[in-house]
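# Coordinates in review
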Amino acid sequence: MSIEWKGIFPAITTKFTANDELDLPLFEKNLNAQIAAGIDGIILGGSLGEASTLTNAERETLVKYTVEKVAGKIPVVLNIAEGSTAEAVKLAAQAKVWGARGLMLLPPMRYKTDERETAAYFKAVAASTDLPIMIYNNPVDYKIDVTLDVFEQLAAFKNVQAVKESTRDVSNVTRMINRFGNRFKILCGVDTLALEEMVLGATGWVGGLVCAFPAETVAIYRLVKAGRMAEALEIYRWFLPLLELDLHPKLVQYIKLAETQAGLGSEYVRAPRLTLVGEERERILSIINTALANRPELPDYLSIGKLEGVN
């Protein structure tokens with residue numbers, strides 16, 4: 001199995017009904033919009049997908065449903081965020097049975113592993129499966145830094161192929177390339193740093209606001225990779241107030257509100273999260289609605305890959 005690990009990979013939100021059940025029709029509506037916009041892969045059950053609140057049965061439903069709907073057009077990747085090495089290994093095996101083509105793998109949850117333990121955890125999961133793996137490196141939120149020395153150990157595993165780079169230090173892109181060349185594909189995982197990291201050599205973008213604005217996100221990626229920086233910057237500067245919603249602890253609520261305003265989702269979240277109310281909701285709505293009222297006209301970005309070798 002292989003994944004190119006380049007382009008736009010939405011960390012798609014999980015849609016719920018008012019009764020707190022999976023809303024598969026609404027999920028499909030958003031998924032179809034993502035595919036039409038030209039995304040390159042889809043990630044299920046990430047932080048933005050409210051991973052910690054999903055049951056294993058719901059993960060299975062989401063993976064199988066998505067695999068059926070994408071019909072091979074793009075790879076379906078399942079996030080693994082477990083507290084136990086054994087559970088992570090078990091979920092990796094299940095993901096393959098369900099039809100996932102790859103895994104996004106977080107460090108262990110709840111217990112803050114040291115470097116030796118972090119490496120052992122990743123190596124145990126990688127050794128248990130032949131699915132391609134993208135390591136999710138987010139020491140800001142998850143308090144565990146996947147260091148260059150850990151990646152040195154992981155380089156021995158052919159299926160560990162990429163990193164979701166969320167250290168919030170753009171220099172880490174250059175550090176990774178200087179140390180490993182193109183051994184690991186690098187996908188930016190912080191919306192507000194995506195353009196900068198792609199210029200430095202990142203091959204893709206694991207996006208959050210792409211859930212509400214797929215066309216603009218894909219357009220920026222393709223324009224940057226085609227060297228059309230002025231056009232990319234114009235869209236990116238418009239996008240930045242929205243992209244900053246990805247940096248808040250309530251990113252799920254903020255992005256789901258953006259999806260709702262864009263006609264691609266609903267505000268329903270799963271407890272302990274609660275939907276936004278009062279001044280906070282009005283403030284976020286103002287940011288979203290201002291952006292929608294000034295939405296830029298996009299160039300024919302879907303043709304860029306064919307004409308200029310982006311994809």
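Worth saying up front: this structure is predicted, and the values here are computed from it rather than measured.

Let's shift gears to helix H10 (residues 229-243). The terminal C-alpha atoms of H10, which comprises 15 residues, lie only 18 Å apart, well short of the 21 Å expected from a rise of 1.5 Å per residue. Approximately 35° is the largest bend angle found in H10, and it occurs at Arg237, with the proline Pro241 only one to four residues beyond. When we look at burial in H10, the residues that qualify are Ala232, Ile235, Tyr236, Trp238, Phe239, Leu242 and Leu243. Its buried side turned inward, H10 meets helix H8 (194-200), strand S8 (204-207), helix H9 (214-225) and helix H12 (278-293).

So, on to helix H11 (residues 251-261). Burial within H11 is extensive, with 9 of its 11 residues counted as buried. Taken together, the buried positions of H11 are Leu251, Val252, Gln253, Tyr254, Ile255, Lys256, Leu257, Ala258 and Glu259. Turning to H11, the residues buried within the fold contact helix H1 (24-37) and H12.

Bringing the sheet that holds S8 into the picture now. Spatially, S1-S8-S7-S6-S5-S4-S3-S2 is the arrangement adopted by the 8 strands of the open sheet, whose pairing is parallel. Both edges of this open sheet fall to strand S1 (7-10) and strand S2 (42-44), since each of them pairs with a single strand only. Along the sheet, successive strands turn relative to each other by an average axial angle of 30°, direction set aside. When strand S7 (residues 185-188) meets S8, the two strands line up parallel, connected through 2 bridges. Among the inter-strand pairings, Cys188 is bridged to a residue of S8, identified as Trp205. The strands touched by H9 are S1 and S8; relative to S1, the strand with the most contacts, the crossing angle is about 150°.

Most peptide bonds are trans, and most residues other than glycine sit at a negative phi. Omega for the bond connecting Ala271 with Pro272 falls within 30 degrees of zero, at 20°, which places this linkage in the cis form. In this structure, Pro272 sits in the loop between H11 and H12. Positive phi is not limited to glycine here, since Asp20 has a value of about 65°. Residue placement: Asp20 occurs in the loop between S1 and H1. A positive phi angle, near 75°, is found at Arg110, a position not held by glycine. Checked against the element boundaries, Arg110 lands in the loop between strand S4 (102-105) and helix H4 (115-128).

On to the nonpolar core. The biggest cluster of nonpolar side chains holds 90 residues, and the ones touching the most others in it are Ile135, Phe151, Ile220, Phe239 and Leu242. Of the residues forming this core, the biggest block, 7 residues, is contributed by H10. Excluding its chain neighbours within four sequence positions, the residues that come into contact with Phe151 are Ile135, Asn137, Val146, Val163, Met176, Phe180 and Phe184. Val77, Leu106, Met134 and Val206 belong to the second-largest nonpolar core, a separate cluster that totals 14 residues.

Now for the environment of Met229. Looking at where Met229 falls in the secondary structure, it is placed in helix H10. Along the backbone, Met229 and Ser171 are 58 residues apart, and their C-alpha atoms lie at a distance of 20 Å. Residues contacting Met229, with those up to four places away along its chain left out, are Leu195, Val199 and Val224.

On to the pattern of salt bridges. Considering all chains together, one arrives at 18 salt bridges under this definition. One salt bridge connects Glu28 with Lys69, and the closest N-O pair in it is separated by 3.6 Å. Note that Glu28 is positioned in helix H1 and Lys69 in helix H2 (residues 56-70), a separation of 41 residues in sequence. When the shortest N-O distance is used, the salt bridge between Arg179 and Glu152 registers 3.1 Å. Here Glu152 lies in helix H6 (residues 148-154) and Arg179 lies in helix H7 (residues 171-180), a separation of 27 residues in the sequence. On the accessibility criterion, Arg179 (36% relative accessible area) is partly exposed. Classification of Glu152 by relative accessible area gives partly exposed; the value is 42%. Residues joined by salt bridges that share partners form a network here, namely Asp20, Glu58 and Arg270.

Moving on, we get to the packing of H10 against H12. H12 packs onto H10 with a crossing angle of 160° between their chain directions and a minimal axis gap of 9 Å. Overall, the two elements H10 and H12 adopt an arrangement that is roughly antiparallel. Every pair of crossing elements has a handedness; the one defined by H10 and H12 is left-handed. Across the interface between the two elements, Trp238, Pro241 and Leu242 of H10 pack against Ile287, Ile288 and Ala291 of H12. Residues belonging to the contact of H10 with H12 are distributed by class as follows: 6 nonpolar, no polar and no charged.

Analysis parameters
Residues numbered from 1 in each chain as written. Predicted model: local features only at pLDDT ≥ 70, side-chain atom pairs only at ≥ 80, totals over all residues. Heavy atoms only, no water. Helix = DSSP H or I, 4+ residues; strand = E, 2+ residues; numbered from the N terminus. Expected span 1.5 Å × (residues − 1). Bend = angle between axes of the 7 residues up to and from the residue. Buried < 20%, exposed > 50% of the residue type's maximum accessible area, 1.4 Å probe, protein only. Contact = heavy atoms within 4.5 Å. Pairing = 2+ DSSP bridges. Axes fitted to C-alpha atoms, helices over the stretch in contact; angles between N-to-C directions. Core = buried A, V, L, I, M, F, W, Y, C linked by side-chain atoms within 4.5 Å. Salt bridge = Lys/Arg side-chain N within 4 Å of Asp/Glu carboxyl O. Parallel < 35°, antiparallel > 145°, perpendicular 65-115°, else oblique. Left-handed = near helix turned anticlockwise from the far one by under 90°. Nonpolar A, V, L, I, M, F, W, Y, C, P; charged D, E, K, R; others polar.

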